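So the chains spell out like this:
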Amino acid sequence: MIFVAVGTQFPFDRLIRAVDEWAAQHALTGMAQIASGEYLPQTLQWERFMTTAVFNQHVQNADLIISHAGMGNIITALEHRKPIIVMNRQHALGEHRNDHQLDGLAWMGQLPGVYTATTQDELYALLARQHTLQAAPLDNDSRRQTLVDFIDQAIRA
Amino acid sequence: MSVKPTLLAISSPGGHWIQLNRLSVGLEERYRVVYAMPAGLFTSTSLGEREPTRKVYSVVDVSADDKWRLIPCALQVLYILLKERPKAILSTGAAPGAVAIWLGSFLGIRTIWVDSIANVKQISRAGKLAQKRADVFLTQWEQLSDGQAIQYKGAVL
């Protein structure tokens, strides 16, 4: 079960189509959140937008999340301890106002549990080994707690 | 009952705001957190609906490239600082946060900058400005820390 989500701001037909076609070829089931996209998935189930509760339920049900390179979806995947593949929107293809999602891949790819693809080929290479993709370890949130505690101490200092 | 000290948490919308919240949520037990953010078209309404119990000031957005908005932004931040008298200022960027760090440092308020997790190769431009005045300057990537002026103490993700 896979869940592909492109955020609420823009469509990302290239990603939705790629995942949908891959699902068809490999007899996979899954859910797609497609925003205002024109491409309607043939194999995956789909919704344009969902409430946070529904969105989280799909994340929970999925073995793997595939997403545009947005911080919100990464956080949700990490919190649900699901591996996530992110692909960047491209300005040249009219998918975003600029190419900051490409810059984003540089740091996102260094997070545990996050895998990055800049092209459909790279995406398919990751999907081909999807059962080896690992979620972030359970103690990953300790990085945040450590930082919060340090800030608390720094304020009191 | 002791009164909680006030903390001003300020950032730009989007990813900076998400990061700021992942820190401030952990601090709300210990501080009265007051927020400030440039609220544009996409954020002003959703903020009010989603966070009715929070105090969120709206400020003029500013970037390092347009110096003229610096003046109204600085005046608004100054007003907030004088009205709320925070013990400390916490920012994850970008330019409006740097403005707050500068003003706060001149008013003797403790200032803490957490450079955005998106800055994996070098400290952000706004961060470099803030670094001149911040009491505590943190990166979220170990490799950018020098152990003294720039410290790594954890990350929001």
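Residues numbered from 1 in each chain as written. Chains lettered and ligands numbered in written order. Predicted model: local features only at pLDDT ≥ 70, side-chain atom pairs only at ≥ 80, totals over all residues. Heavy atoms only, no water.

(A) Structural view of the sheet that holds strand β4 (residues 88-93) of chain B. Residue and element names in this part refer to chain B. Strand order in the open sheet made by the seven strands is β3-β2-β1-β4-β5-β6-β7, with parallel pairing throughout. Because the sheet does not close on itself, it has two edges, and the strands there are β3 (56-58) and β7 (151-152). Where strand β1 (residues 6-11) and strand β2 (residues 32-37) come together, five bridges link them in parallel fashion. Note on β2: the bridge partner recorded for Thr-6 is Arg-32. Here helix α3 (residues 70-84) sits on the sheet and contacts β1, β2, β3 and β4; the angle it forms with β3, its principal contact strand, is near 150°. Those strands touched by helix α4 (residues 95-106) are β1, β4 and β5 (110-114), and its axis lies near 155° from that of β5. (Pairing = 2+ DSSP bridges. Helix = DSSP H or I, 4+ residues; strand = E, 2+ residues; numbered from the N terminus. Contact = heavy atoms within 4.5 Å. Axes fitted to C-alpha atoms, helices over the stretch in contact; angles between N-to-C directions.)

(B) Structural context of a nonpolar patch on the surface. All names here are of chain B. Together, Trp-68, Leu-70, Ile-71 and Leu-75 make up an exposed nonpolar region whose accessible area comes to about 490 Å². You can see Leu-70 is positioned in helix α3. Owing to a relative accessible area of 38%, Leu-70 belongs among the partly exposed residues under this scheme. (Patch = residues over 30% accessible without salt bridge, like charges linked within 9 Å, V, L, I, M, F, W, Y side chains within 5 Å. Areas by Shrake-Rupley, 256 points an atom, 1.4 Å probe, with all protein chains shown as cover. Salt bridge = Lys/Arg side-chain N within 4 Å of Asp/Glu carboxyl O. Buried < 20%, exposed > 50% of the residue type's maximum accessible area, 1.4 Å probe, protein only.)

(C) Quick peek at the UniProt feature "domain: Glycosyl transferase family 28 C-terminal" (unreviewed entry) in chain A. Residues annotated by UniProt as "domain: Glycosyl transferase family 28 C-terminal" (unreviewed entry) correspond here to residues 1-102 of chain A. Secondary structure over residues 1-102 of chain A splits into 34% helix and 20% strand, and the C-alpha atoms at its two ends are 27 Å apart. (UniProt positions renumbered as here; feature names shortened; annotations may be inferred.)

(D) Representation of the interface of chain A and chain B within the structure. Contacts between chain A and chain B engage 26 residues on the former and 32 residues on the latter. For the pair chain A and chain B, the summed buried surface comes to about 2,600 Å²; carbon and sulfur atoms form 69% of the total. When the buried area of chain A at its contact with chain B is split by residue, Trp-107, Leu-147 and Ile-155 of chain A rank highest and sum to 25% of it. Run the count over chain A and chain B and you get four salt bridges. Measuring nitrogen to oxygen at the nearest pair gives 3.8 Å for the salt bridge that ties Arg-30 of chain B to Asp-149 of chain A. At the boundary of chain A with chain B, the tally comes to 10 residue pairs in polar contact (both at pLDDT 80 or more). The biggest single contributor to the side of chain A that touches chain B is helix α6 (residues 142-156) of chain A, with 12 residues. Taken together, the residues that form the side of chain A that touches chain B break down as 14 nonpolar, four polar and eight charged. (Buried area = accessible area lost by both parts, 1.4 Å probe. Polar contact = N/O pair within 3.5 Å; in protein donor to acceptor, adjacent residues only side chain to side chain. Nonpolar A, V, L, I, M, F, W, Y, C, P; charged D, E, K, R; others polar.)

(E) Representation of the packing of helix α3 (residues 71-79) of chain A against helix α1 (residues 15-24) of chain B within the structure. Packing of α3 of chain A against α1 of chain B leaves a shortest axis separation of 10 Å and a crossing angle of 35°. Together, Met-71, Gly-72, Ile-75 and Glu-79 of chain A of α3 of chain A and Gly-15, Ile-18, Gln-19 and Arg-22 of chain B of α1 of chain B make up the contact between the two elements.

(F) Seen up close, the pairing of strand β5 (residues 84-87) of chain A. Residue and element names in this part refer to chain A. Taking every second residue as pointing to the same face, both faces of β5 are buried, with Ile-84 and Val-86 on one and Ile-85 and Met-87 on the other. Direction of pairing for strand β4 (residues 64-68) relative to β5: parallel, over a ladder of four bridges. Among the inter-strand pairings, His-68 is bridged to a residue of β5, identified as Met-87. In the classification by handedness, the crossover that spans β4, the intervening α3 and the parallel β5 is right-handed. Of the pairings in the sheet, the one linking β5 to strand β6 (residues 114-117) comprises four bridges and is parallel in character. (Right-handed = clockwise from strand over helix to strand, strands pointing away.)

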